[in-house]
Amino acid sequence: MSNNIVEANENKKKFNLKKIVKRFINRKIVFPLIYEIAGFRKPLKQNKVVFLEIRFEGITDSYQEIYDTLKREYNADVHVHHFRQGFISRVDEYKRKIAFFKDAATAKYVVFNDSSDTQGTMKKREGQHFLNTWHATGAFKKFGFGTADKEFGGTRREQEKYPLHPKYDMVTVSSPEICWAYVQAMGMEKNKECVQAIGTSRTDVFFNEAFISDAYRHVYEQVPQAKGKKIILYAPTFRGTARNAMAPDKLDIEEMYENLSDEYILIIKHHPMIKKEVRPVIEEKYSNFAFDLTDDGVIADLLIASDICITDYSSIIFEYSLMEKPLIFLAYDLDSYYDNRGFFYDYNEMTPGPVYTETSEIVDYIKHIDERFDKAQIHDFKNKFMSSCDGHATERIMNEFFGELDEYKKEELVPKVSVIVPACNTSRFIEECLTSIKKQTLKDFEVFVIDDGSTDSTVDIARKFERRDRRFHVITKEHTNAGDSRNRGIKMAKGKYIVFWDADDFFEENALERMYEFSEENQDDICICRNYRYDNLYELKRTVQNDFGDIPEKKVFNRRDIPENIFNICTNVPWNKMIRLDFIKENGLCFQNIEKAEDAYFSMTAIAMAERVSVLDEYLVNWRCNIQSLTTSSNKSPKCIFEAFEKTKEYLEEKGIYEDVKQSFINKAFDSYIYWIKCFMGEAHLDNFKYSFKYVRDEAFEKLGMSDIPADYIYKPEQYRMYQRIKENDEAGLIMIFYDQKQGVNERSTGRNVEKLRRTRARELNNKRLYNEVLDSFAYRVGMKVTWLPRKINALIHNK
């Protein structure tokens, strides 16, 4: 037995000796040599920036704002390396370290956010700059030399032999109050000036209204049960070592549930170092109360959305204090934590909230939180430890650390075109839309995605483009309508021209370039292009042959050239037009704030007022059909189209041009009214059909001045027949015309598109049911008898 123990100890010594030798060779010889050789006689690349993530994949929050700024505003060569220390095999980790040294050797800027005896081997080349943004704010639990000779940190001698940090140009901290702690922990006594209280980049998001709005939305999407309730966030730090991190398990979820579930839900966010298999499991019976978002939740989102935060020794207390909300500390193992790691300040004096050891104490405090919460304590804590965090830390870091990179800053150009993209719950299509914009051959443009209160992932997708391309901007607002979104875009636009492109469409790569060139060539106020019709159901794209009416021979025209047709040359959609921005502002043009048909008023007033209009005979827009979206929903208010045309008529009268364009306007209005009525065919929309029919008959005709017009005043003969049916209050007759038209279209489609016939079959059946309902009505039967003789005479006269 004793021989086995002796043998085991000998093996342990041999293993430890092997580790010591390997560590010495790598840190003192291999890594420095690789770094030296990789940079030998090679100049530093002046715009190259290398980020190092020790443990986690992706870009973590201590880097995110800086990284995004570099990608968006600079022509920088940005590289990111991930050691994944503790998460992958040591062989793979070793390969990644070698790759990092080779790459960093020629980088002008190297950025760290942690400590490692690997990065501690690096010696700056002349002209090279090192930055450490650190992965936490404030100064709470000790690290580095602060933990020397404690269980967590190893011996002082070991840290001195294998430094965890190189010589930095800058270490960013959250307040002047804590500079001393970082100097001590990083062993920077001879380089104190590198520790600078200019704020931590990761806190800027807490001052960003768009980020805050998105944070609430993200949390409610992940935990719908949170709506209507308050959120308790439990976010403790880990126990043990970083490589073998363990989760605390003292919080009693059952007790929390029994006492607080009526008013609160509980979200748990463990430290990311804690692997899933060692986390406490939430029992199924608490599944509507407690939620583990360790893997899925973003800590910044959770800090913003939560109403109370429970933690222990985590540095999130500093970020949470920015919002001045209640903090509770569950420090059941405080004495052992002091021995294991320790704190820079006295724990009980520093913590800005009550410190407890039992869940029952926490429950009692939360039940009486309104009278017990001391907001002034949090406020004072914030002012002491977070005074340099004001939402502009990244800006200061860019100026003071990356100052020499200014010559690679992207030029601030006045864009040639502003692209306005109103969006509402278009997550299925918006990525394709924005990608098609990003790929435009014309590069001088700006994009404003105006989100109209989406409840899906539309904003998240758009934000990806915003982070990577400074031309993209995402604006969020409460839900109103697409017209309001486009009006906001007009106010923000800076381009010479503006286009309004829908989030569910996509565009040919040369669309902006061709329309811009054509507009410039013709000095246009408005340039109109053709569009493809893209069937989303069948993924088929075809040209639209009859999208333009009678266009004059003149290349550039206006209402005086074709007063009788000016409104009939194209549809009222805005997405096929490029418009001069100053023209819009000079004439006070805007979209209506109505649920639907908001583009009719804008498009018609623009066409009427434009001095120079041209048509570009090229297919540049892919209009997506067979979907439901912000512009194609069938759930229409029946009043919108009438409001649009009546407001347009008022505008034209005010400008003194209505009489000149009256016939064109009446034809456009009546054509749109007929289309509107037709949209409400079918039992599901019977009330809207009857309302629209009655409104046109009793009010619209009079308001348009078409109570009694001759047949040749209406451009389309079949529409004059519809006009007569409405005047005669003949709903059944109008429905029959619609049905005959549909049948004609379907017959022409036979053999070409059988599938399209099948898709329309359901709508036809609804129309037939409505027709039969009218035929069976008492009013219809009486009307047919009363009008029998006039109809008979009319048939004899016309040989029918």
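Residues numbered from 1 in each chain as written. Predicted model: local features only at pLDDT ≥ 70, side-chain atom pairs only at ≥ 80, totals over all residues. Heavy atoms only, no water.

Further remarks concern the overall build of the protein. When helices and strands are counted, the protein shows 29 helices and 21 strands. The 800 residues of the protein split such that 53% are buried. Once local pairs closer than 6 in sequence are excluded, the contacts in the protein between residues at least 24 apart make up 76%. Carbon and sulfur atoms provide 49% of the accessible area of the protein, an area that totals close to 37,500 Å². (Helix = DSSP H or I, 4+ residues; strand = E, 2+ residues; numbered from the N terminus. Buried < 20%, exposed > 50% of the residue type's maximum accessible area, 1.4 Å probe, protein only. Contact = heavy atoms within 4.5 Å. Areas by Shrake-Rupley, 256 points an atom, 1.4 Å probe, with all protein chains shown as cover.)

Of the residues in the protein, 89% have a pLDDT of 70 or more, and the chain-wide mean is 88. Overall, residues 629-634 carries pLDDT values under 50, and its contacts beyond four positions in sequence, including any with other chains, amount to 18 contacts. (pLDDT = per-residue confidence, 0-100.)

Turning our attention to the sheet that holds strand S7 (residues 230-234). The strands that make up a sheet pair up through hydrogen bonds in the backbone, lying either parallel or antiparallel. If you walk across this open sheet you meet the six strands as S9-S8-S7-S10-S11-S12, and the pairing is parallel. Each edge of the sheet is formed by a strand with only one pairing partner; in this case those strands are strand S9 (290-292) and strand S12 (355-356). By the bridge criterion, three bridges tie strand S8 (residues 264-268) to S9 in an arrangement that is parallel. Note on S9: the bridge partner recorded for Leu266 is Ala290. (Pairing = 2+ DSSP bridges.)

In this section: the packing of aromatic side chains. For any pair of aromatic rings, geometry is given as the distance between the ring centres together with the angle between the planes. Summed over the entire model, instances satisfying the criterion amount to 61 aromatic pairs. Between the aromatic rings of Phe51 and Tyr63, the centroid separation amounts to 4.9 Å while the plane-to-plane angle is 65°, which identifies the pairing as edge-to-face. Taken together, the positions of Phe51 in strand S1 (residues 45-53) and Tyr63 in helix H2 (residues 61-73) put the pair 12 residues apart, joining distant regions of the chain. The pair Phe51 / Tyr63 is uniform in exposure class, with both members buried. Arranged with centres 6.4 Å apart and planes meeting at 40°, the rings of Tyr216 and Tyr220 form a pair that is tilted. Taken together, the residues Tyr216 and Tyr220, both in helix H6 (residues 209-222) and four residues apart, mark about one turn of the helix. Residue classification places Tyr216 among the partly exposed positions, given a relative accessible area of 32%. In this structure, Lys275 packs its charged tip against the face of Phe87, placed 4.9 Å from the ring centre. For Lys541, the ring lying beneath its charged end belongs to Tyr532, and the centroid distance is 4.5 Å. (Phe/Tyr/Trp six-rings, centres within 6.5 Å; stacked < 30°, edge-to-face > 60°. Lys NZ or Arg CZ within 6 Å of the ring centre and 35° of its normal.)

Turning to unusual backbone geometry, a few remarks are in order. Unusually for a residue other than glycine, Arg84 sits at a positive phi of about 55°. Residue placement: Arg84 occurs in the loop between strand S2 (77-82) and helix H3 (90-104). Exposure remark for Arg84: the relative accessible area of 14% places this residue in the buried category. One non-glycine residue, Glu324, lies in positive phi territory at about 55°. Structurally, Glu324 is set in the loop between helix H9 (316-321) and strand S11 (327-330). Of the residues examined, Glu324 reaches a relative accessible area of 15% and is grouped as buried.

Right, let's get into a positive patch on the surface. Among the surface-exposed residues, Lys18, Lys19, Lys22 and Arg90 lie close enough to one another that they form a single positively charged patch. Counting residues per element, the positive patch draws most heavily on helix H1 (residues 2-39), which supplies three residues. Mapped onto the elements, Lys22 comes out in helix H1. (Patch = residues over 30% accessible without salt bridge, like charges linked within 9 Å, V, L, I, M, F, W, Y side chains within 5 Å. Salt bridge = Lys/Arg side-chain N within 4 Å of Asp/Glu carboxyl O. Lys, Arg positive; Asp, Glu negative; His and termini not counted. Charge placed at Lys NZ, Arg CZ, Asp CG, Glu CD.)

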